Amino acid sequence: MKLKFMLLVLLALLTLGIHALLHDRYRIFYEDDVWSPSHTHTWVTTGTAVDRVFHTPERNVRWTFGRTYDFVYGGLTQLFGWSRSALHLIAKLLVLLGAFCWFRSARGLGYGRELAWALFFGLLLLEPIVSTANISRKDALAFCLVAVQFLLMVKGRYLEGALAAGIAFETHPLGSLTLFLSAALLWTRRRELFPQGMWKK
């Protein structure tokens, strides 16, 4: 038991150290670090959903979707400041919350604590997730929302899960993953949800 605890502590320190060392140093020339937040800043300060990067008098570019991103990032940056560092910190917190939701989902599906922790730290150390935690796009929020939605489905809270799926899809097309994950989960529970002979009554 003590060895497992020490291993968890070492993994936590390793994960924290990697993310801390790469903060504001990884993918520093990524174009969307300007594009997505600039739209959110315009929406928060003026109330208009105009894309200031690609908008011209001849080309009226407006955003229809992505309001969840605007609310979350716009609200938090009003508190922490409109800087790349603050935006990347928000992304890291969302990725951490998403990974924790996957940990809870694994436990809810009956997997052992060791495997659930391996999933948690494995996600946080994957390069695509590290990259997501260091950009200001909608990817981190989408990752978090997909994880939250699946956890709700695992817990049997299907109505809330359906609402979370809609919010995830509104945030980013990656939210469509909720449909496939939910379908797979519901298929494994088909006998529980739709007992044989229920339609014969």
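Here the structure is a predicted model, which means the values were calculated and not measured.

Undergrad: Mind showing me how you'd approach the overall build of the protein chain here?
TA: Of the regular secondary structure elements, the protein chain holds ten helices and zero strands. For the protein chain, the sequential pattern of α-helices and β-strands runs α-α-α-α-α-α-α-α-α-α. Within the protein chain, the proportion of its 201 residues that are buried is 40%. Within the protein chain, residue pairs in contact and separated by at least 24 positions form 71% of the contacts whose partners lie at least 6 positions apart. Looking at the protein chain as shown, the accessible area adds up to about 12,100 Å², and 70% of this sits on carbon and sulfur atoms.

Undergrad: So what exactly am I meant to see when it comes to helix α7 (residues 139–154) here?
TA: Note on helix geometry: an α-helix contains 3.6 residues per turn, so any two residues three or four positions apart are oriented the same way. In this model, α7 (16 residues) spans 23 Å end to end at C-alpha, consistent with the 22 Å of a helix rising 1.5 Å per residue. Where burial is concerned, most of α7 is hidden: 15 out of the 16 residues are buried. Two residues or fewer past α7, Gly156 is found with a positive phi of approximately 80°.

Undergrad: For this particular structure, what's the right way to read the nonpolar core?
TA: When a protein is soluble and globular, its nonpolar side chains tend to lie buried together. Among the nonpolar cores identified, the biggest contains 32 residues, and Tyr73, Leu94, Val95 and Trp102 are the most heavily contacted of them. Sorting the residues of this core by element identifies α3 (67–80), α4 (84–108), α5 (113–125) and α7 as the ones contributing at least two each. Per-element accounting of this core gives the leading share, eleven residues, to α7. Once residues within four sequence positions are removed from consideration, Trp102 is found in contact with Leu119, Leu123, Phe143, Val146, Ala147, Phe150 and Leu181.

Undergrad: I keep staring at the packing of aromatic side chains and nothing clicks. Help me out?
TA: The geometry of an aromatic ring pair is captured by the separation of the ring centres together with the interplanar angle, meaning the angle of the planes. The tally for this structure, following the rule as stated, stands at eight aromatic pairs. Consider the rings of Phe103 and Trp117, whose centres lie 4.4 Å apart with planes at 35°: the pair is tilted. With Phe103 in helix α4 and Trp117 in helix α5, this residue pair connects regions lying 14 residues apart in the sequence. Overall, Trp117 belongs to the partly exposed group, its relative accessible area being 23%. Relative to Phe120, the ring of Trp117 lies with its centre 5.5 Å away and its plane at 85°, an arrangement referred to as edge-to-face. Of this pair, Trp117 and Phe120 both sit in helix α5, three residues apart, which is roughly one turn of that helix. Positioned above the aromatic ring of Trp187, the side-chain terminus of Arg190 is 4.1 Å from the ring centre.

Calculation notes
- Residues numbered from 1 in each chain as written.
- Predicted model: local features only at pLDDT ≥ 70, side-chain atom pairs only at ≥ 80, totals over all residues.
- Heavy atoms only, no water.
- Helix = DSSP H or I, 4+ residues; strand = E, 2+ residues; numbered from the N terminus.
- Buried < 20%, exposed > 50% of the residue type's maximum accessible area, 1.4 Å probe, protein only.
- Contact = heavy atoms within 4.5 Å.
- Areas by Shrake-Rupley, 256 points an atom, 1.4 Å probe, with all protein chains shown as cover.
- Expected span 1.5 Å × (residues − 1).
- Core = buried A, V, L, I, M, F, W, Y, C linked by side-chain atoms within 4.5 Å.
- Phe/Tyr/Trp six-rings, centres within 6.5 Å; stacked < 30°, edge-to-face > 60°.
- Lys NZ or Arg CZ within 6 Å of the ring centre and 35° of its normal.

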